[in-house]
Amino acid sequence: MIHIWIANSLVVALAVGLHYEFLYQLTKFLPRLRIRHRFRIVIGVFASLIAHAVQVWIFAVAYYYMHRGEDWGQLGGAFNGSLTDAAYFSFTTYTTLGYGDIEPTGHLRFLAGIESLTGLVLITWTASFLYLEMRKDWDMQ
């Protein structure tokens, strides 16, 4: 069981670390742009979407390899074993949408649960970041 905890912790640490670094770099980059503030916010939104997509793919790769390994569990239902299906499952889990057409069994349930929590926290972090960036120079008139 310890190897499952370690693997899940590493996947989450990679996603959170990437998110932190991404928002930090965005904080330094946005003020340097010589465009209107409202366009900087739009760039921040698109950049954040890219960051979240990369984080989803981190989890997707973990699902893909864990599904193929022993003692990790399986992804069942409408899952055909492809990386694309793992990414689809990861997107629905990260966003807590959860259609239910693919379901984890065994120890993969722990990664799915922690991905939902991680996605919720990171999406909220992004919303807070974008709100604070928007408030900096927002024209209130």
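One can find the structure itself at the top, above this paragraph.
Notes on the structure in this doc start here. Keep in mind it's a predicted model, so treat the numbers as computed, not measured. (Residues numbered from 1 in each chain as written. Predicted model: local features only at pLDDT ≥ 70, side-chain atom pairs only at ≥ 80, totals over all residues. Heavy atoms only, no water.)

## Digging into helix 1 (residues 2–29)
Stage number 1. In this model helix 1 runs 40 Å from its N-terminal to its C-terminal C-alpha over 28 residues, within 8% of the 40 Å that 1.5 Å per residue would give.
Stage number 2. Looking only at helix 1, the buried set comprises Ile 4, Ala 7, Asn 8, Val 11, Val 12, Ala 15, His 19, Leu 23 and Leu 26. (Helix = DSSP H or I, 4+ residues; strand = E, 2+ residues; numbered from the N terminus. Expected span 1.5 Å × (residues − 1). Buried < 20%, exposed > 50% of the residue type's maximum accessible area, 1.4 Å probe, protein only.)

## Things to note about the side chain of Glu 115
Stage number 1. Its location among the elements puts Glu 115 in helix 4 (residues 108–137).
Stage number 2. Although Glu 115 lies buried, it forms no salt bridge, and the closest oppositely charged side chain, Arg 109, sits 14 Å away as judged by the N-O distance.
Stage number 3. Among the polar contacts listed, one links the side chain of Glu 115 to the side chain of Ser 90, at a separation of 2.6 Å.
Stage number 4. If we ignore the near neighbours within four places in the chain, the residues touching Glu 115 are Phe 59, Tyr 63, Ser 90, Thr 93 and Tyr 94. (Lys, Arg positive; Asp, Glu negative; His and termini not counted. Salt bridge = Lys/Arg side-chain N within 4 Å of Asp/Glu carboxyl O. Polar contact = N/O pair within 3.5 Å; in protein donor to acceptor, adjacent residues only side chain to side chain. Contact = heavy atoms within 4.5 Å.)

## Quick notes on the nonpolar core
Stage number 1. Core analysis: the biggest nonpolar cluster contains 22 residues, and Phe 59, Tyr 63, Met 66, Leu 75 and Leu 111 have the highest contact counts within it.
Stage number 2. With seven residues, the top contributor of residues to this core is helix 2 (residues 37–68).
Stage number 3. Apart from residues lying up to four places away in sequence, Phe 59 is in contact with Val 11, Val 12, Ala 15, Ser 90, Leu 111, Glu 115 and Thr 118. (Core = buried A, V, L, I, M, F, W, Y, C linked by side-chain atoms within 4.5 Å.)

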